[in-house]
Amino acid sequence: MLYTDQFYYLGLIALMPLIGALINGLIGAKLPRKLVDVIACSSIGLSFMFSLISIKALVDNAAHIGDETIYGHLSYTAYQWIYAGDFGVDIAFMLDPLTSMMLLLITGIGFLIHLYSVGYMSEEPAKWRYFSYLNLFCFSMLLLVLGKNMLVTFIGWEGVGACSYLLIGFWYTDDAKAAAGQKAFIVNRVGDFAFLVGMFILFYETGTVDYVALKEIATDAASMASIAPIAGVASILIFIGCTGKSAQIPLFVWLPDAMAGPTPVSALIHAATMVTSGVFLLSRMNWLLTISPEAMMVVAIIGALTAFFGATMALVQNDIKGVLAYSTVSQLGYMFLAVGVGSFTGALFHVMTHAFFKALLFLGSGSVIHSVHTQDIREMGGLRKVMPWTAGTFLVGCMAISGFPLMSGFFSKDLILWSAFSNVHVLNIKGVLEQNIGVIDLLTNTPAPAITAGGAVDVNVLALVVGSGVGVLGVITAGLTAFYMFRLYFMTFEGEYRGDEETLSHAHESPPTMVIPLAVLAFLAAFGGLTGWPHFIVHWLHLPEGLLFFEHWYEEIFQTSNQFRIVGRFGAKPYVYEAIATAISVGVGLTGIFFAHRFYLVQPEVPGRVKAKFEKLHQVLTDKYYVDEGYDLAFVKSSIKAGEGLTFFDKNILDGGLVNGAAQIMVSCGRILRNMQSGDVQRYATYITLGVVLSLAVLYGYIS
Amino acid sequence: MMFEPTLFHYLTLAAMTFCIGVFGVLVRRNAITLFMCIELMLNSVNLTFITFSKYRVDMDGHIFSFFVMAVAAAEAAVGLAIILHVFRHKRSVNVDEANRLKL
């Protein structure tokens, strides 16, 4: 081991954006506008370079034992933070394969989006404020992923929430935008509370919040019993925290509104990084989820439902960013679906590919908005002729998200869907545990005999239903995704222009600082998935194992949870089934594209007819299943009512009765006492004399 | 048998004189009368000093009473001068009228 302790670069990675944020935030208003750009971009760029150096060190540092590569982790303790008795928390950072990818996403895509923002926000007067927030966001996000214990992660968790609030409400003079920011913040707080409680429960049972220590407790045969009973509750609570940050049912309502912020912000925060922090956190704590199958099942169901309902709402959106927002909700649902069926690798793979293509799509939409100054796709069309680069890259993004073969989304989505069908065991570990030798043997290094026997375990019916159910929902969603994405593409870039000529004459391709990030992201969105090929292709075509890079990279992190899916439902060599599943999902995706082409390019009158036929359904979808109205009725209205009641109590009882009453008593007493202080020395002397007489009388016991 | 005044009698007399003085200070408004009442109080204290001095057969009390007389004389000089000025200014020695310094 080269670096056992104190790997300083980790501190630098997080520090750079903070410095950038402080410079721009404190004196940015007085700096030249060009310098603000340079500071913001270079701080995150430096952070990206330090990330690369650190990951290189992590790889160099790895120990090779036989075929296996043990990466371990690099860590850096900045300082001792809270120490009280046995309890101790440091500001400590840790770099392992899991963090590595997030680091590259945050700093890499972050850098591209900073670069893009230079062009996009070029006419914004308060550009320094924007860049300061954006850098601060990167800092918080880096804290979140680098944290060595749950508390550091929590600081980052709150920090990204706060920055998200600041950036959504960046144009705060617009009331609707300010309100959207507040909504995001409040909804997130609901989840954060659950996360905190989950963390407290874990701490109460184990006495530590350090990931490494917790993992040891949760996976060590001797100490597992102490954490097993609360694992379910803690996982669910932490998952509720994730539903807030990652916009899952029931807390997804803030994400569509968050599109009020500047478009690069939507790309960075509300597509690529912050919203995936929930997936990251659950992956970080995979050993905890693994020993609570009920929690896994909940995560899988919520994820699948979110994916499906998000996609249905995206079908009817006419706002270019609205489609992408609901699409993000839906894709995040996929990631949680993957987590729920124990395919943490699939979830993270999708986090990565989604970050590529969704950041690309958002930046593309930003480029369009920048050009035609509207977000309504009904007023667009045919824009490919004026902005070919944007259109081309956008098409790549659409193909990637639709799972077009050999684009990045194809690899990650198929891994998830395949996992959903095959990993039924994960949802049924308790059954496995009860049938076999119990928790202990399963979670130590030897796989349980019943599993290696190859599907000899009775699969619990519920687990089978849930596993297949989420898989089917996932496939349907894949079709919907392809459909609404290409609907968006065709309505924006193909066909005839539907807006007014005046706008079209001003429409233009965006400046190079905006097009370059688009091109880089398009490249990544197209080829980023080649790091994790499906097993059956590698196996059948005898391709090198290196094509499974993504899976191997995470093998060590997900060692515990992977043990449960060594053999899935379809035996040890499920390649045929895997190929079938892949074929189905590709077929569904292509069908979606085909229908989108027919409906929005060939026969544009069809959507109107469909809409007329299913008017009620269309209305429900446009009104987003009335979730906002429901929350309004259930929480907002009652909160306002309660607030009014409390205001009355405060004004009349507290202020009126207690505070003003006390003041009134004082005033009255003062009025009486004032008469005593007349300035008449003789009267004072009388008081003194009376006082002396009284004191003496008391002293000698005449009165008591 | 002749009346022998004891400690009790002296102290009672001093206390009564003192109380008359205090009462005068509290209720009278004429500056000269006030002044006399203060003298009365001082002298009653002097009487107490002398009484105890005699009773305890040491000279401390005597010394104190001389001090008191000296201070009282000085005070009388200053005080009467002030009263005289007040009278010249106001044509009255009523203390209630000398309240111009009050806020």
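Right, let's walk through the structure included here. All of these numbers come straight from a predicted model, not from anything done at the bench. (Residues numbered from 1 in each chain as written. Chains lettered and ligands numbered in written order. Predicted model: local features only at pLDDT ≥ 70, side-chain atom pairs only at ≥ 80, totals over all residues.)

### Considerations on the overall build of chain A
Check the secondary structure of chain A and you find 31 helices and 4 strands. Looking at chain A residue by residue over its 704 residues, the buried ones come to 51%. Once local pairs closer than 6 in sequence are excluded, the contacts in chain A between residues at least 24 apart make up 80%. (Helix = DSSP H or I, 4+ residues; strand = E, 2+ residues; numbered from the N terminus. Buried ≥ 20, exposed ≤ 12 C-beta atoms within 10 Å, placed from the backbone. Contact = placed C-beta atoms within 7 Å.)

### Things to note about the overall build of chain B
The secondary structure content of chain B amounts to 3 helices and 0 strands. For chain B, the sequential pattern of α-helices and β-strands runs α-α-α. Relative to the 2.2 N^0.38 estimate, which gives 13 Å for 103 residues, the radius of gyration of chain B is 17 Å and therefore markedly larger than a compact globule would have. Counting only C-alpha atoms, chain B reaches 55 × 25 × 25 Å along its principal axes. In chain B, 46% of the contacts between residues at least 6 apart in sequence involve partners at least 24 apart. (Rg over C-alpha atoms; globule rule 2.2 N^0.38 Å.)

### Focus: helix α4 (residues 127-146) of chain A
An ideal rise of 1.5 Å per residue puts 28 Å on 20 residues; α4 of chain A measures up with 28 Å between its terminal C-alpha atoms. Here α4 of chain A lies mainly inside the structure; 19 of its 20 residues are buried. (Expected span 1.5 Å × (residues − 1).)

### Observations concerning the environment of Asp257 of chain A
Residues and elements named next belong to chain A. Note on placement: Asp257 falls in helix α9 (residues 254-257). The buried category is assigned to Asp257, around which 21 C-beta atoms lie within 10 Å. The spacing of Asp257 and Ala176 is 81 residues in sequence and 9.2 Å in space, taken between C-alpha atoms. Discounting chain neighbours no more than four positions away, the residues touching Asp257 are Ala180, Lys183 and Ala184.

### A closer look at the pairing of strand β4 (residues 87-95) of chain A
Residues and elements named next belong to chain A. Sheet analysis places strand β3 (residues 74-84) next to β4, joined by 9 bridges and oriented antiparallel. When the sheet's bridge partners are listed, Ser75 is paired in β4 with Met94. Linking two consecutive strands that pair antiparallel, namely β3 and β4, is a turn of 2 residues; a positive phi of about 60° is found at Gly85 within it. (Pairing = 2+ DSSP bridges.)

### Side note on unusual backbone geometry
That bond from Ile249 of chain A to Pro250 of chain A is cis: its omega, 10°, falls within 30 degrees of zero. The residue His373 of chain A is not glycine, and still its phi comes out positive at about 55°. Along the chain, His373 of chain A turns up in the loop between α15 (344-372) and α16 (388-401). Of note in this structure, Arg91 of chain B is not a glycine but carries a positive phi near 60°. Mapped onto the fold, Arg91 of chain B is located in the segment after α3 (60-90).

### Quick word on the interface of chain B and chain A
Across the contact, 6 residues belong to chain B and 5 residues belong to chain A. Class assignment of the residues belonging to the side of chain B that touches chain A gives a composition of 5 nonpolar, no polar and 1 charged. (Nonpolar A, V, L, I, M, F, W, Y, C, P; charged D, E, K, R; others polar.)

### Structural notes on the nonpolar core
Leu337 and Ala359 of chain A are the most contacted members of the largest nonpolar core, which has 213 residues in total. Broken down by element, the residue count for this core peaks at 17 residues, all from helix α21 (residues 461-493) of chain A. With near-sequence residues (within four places) excluded, Ala359 of chain A lies in contact with Ile109, Ile113, Ala267, Leu268, Ala271, Ala272 and Leu521 of chain A. Residues Val25, Ala31, Leu34 and Phe35 of chain B belong to the second largest nonpolar core, which totals 6 residues. (Core = buried A, V, L, I, M, F, W, Y, C linked by C-beta atoms within 7 Å.)

### Description of the packing of helix α1 (residues 9-27) of chain A against helix α2 (residues 33-61) of chain A
In a packed pair of helices, the relevant descriptors are the angle between the two axes and the axis-to-axis distance. Residue and element names in this part refer to chain A. With their axes 8 Å apart at the nearest point, α1 and α2 run at an angle of 175° to one another. The angle between the axes of α1 and α2 places the two elements in the roughly antiparallel class. Across the interface between the two elements, Tyr9, Leu10, Leu12, Ile13, Met16, Pro17, Ile19, Gly20, Ile23 and Asn24 of α1 pack against Val36, Ile39, Ala40, Ser43, Ile44, Leu46, Ser47, Phe50, Ser51, Ile53 and Ser54 of α2. Here the residues of the contact of α1 with α2 sort into 15 nonpolar, 6 polar and no charged. (Axes fitted to C-alpha atoms, helices over the stretch in contact; angles between N-to-C directions. Parallel < 35°, antiparallel > 145°, perpendicular 65-115°, else oblique.)

### Side note on α15 of chain A
Residue and element names in this part refer to chain A. The terminal C-alpha atoms of α15 lie 41 Å apart, and with 29 residues this matches the ideal 42 Å at 1.5 Å per residue to within 8%. At His354, α15 shows its strongest bend, of approximately 25°. Of all 29 residues that make up α15, 28 are buried, and the element is covered over most of its length. Two residues or fewer after α15 comes His373, characterised by a positive phi angle close to 55°. (Bend = angle between axes of the 7 residues up to and from the residue.)

Treat this as a map of the structure, not an account of what it does.
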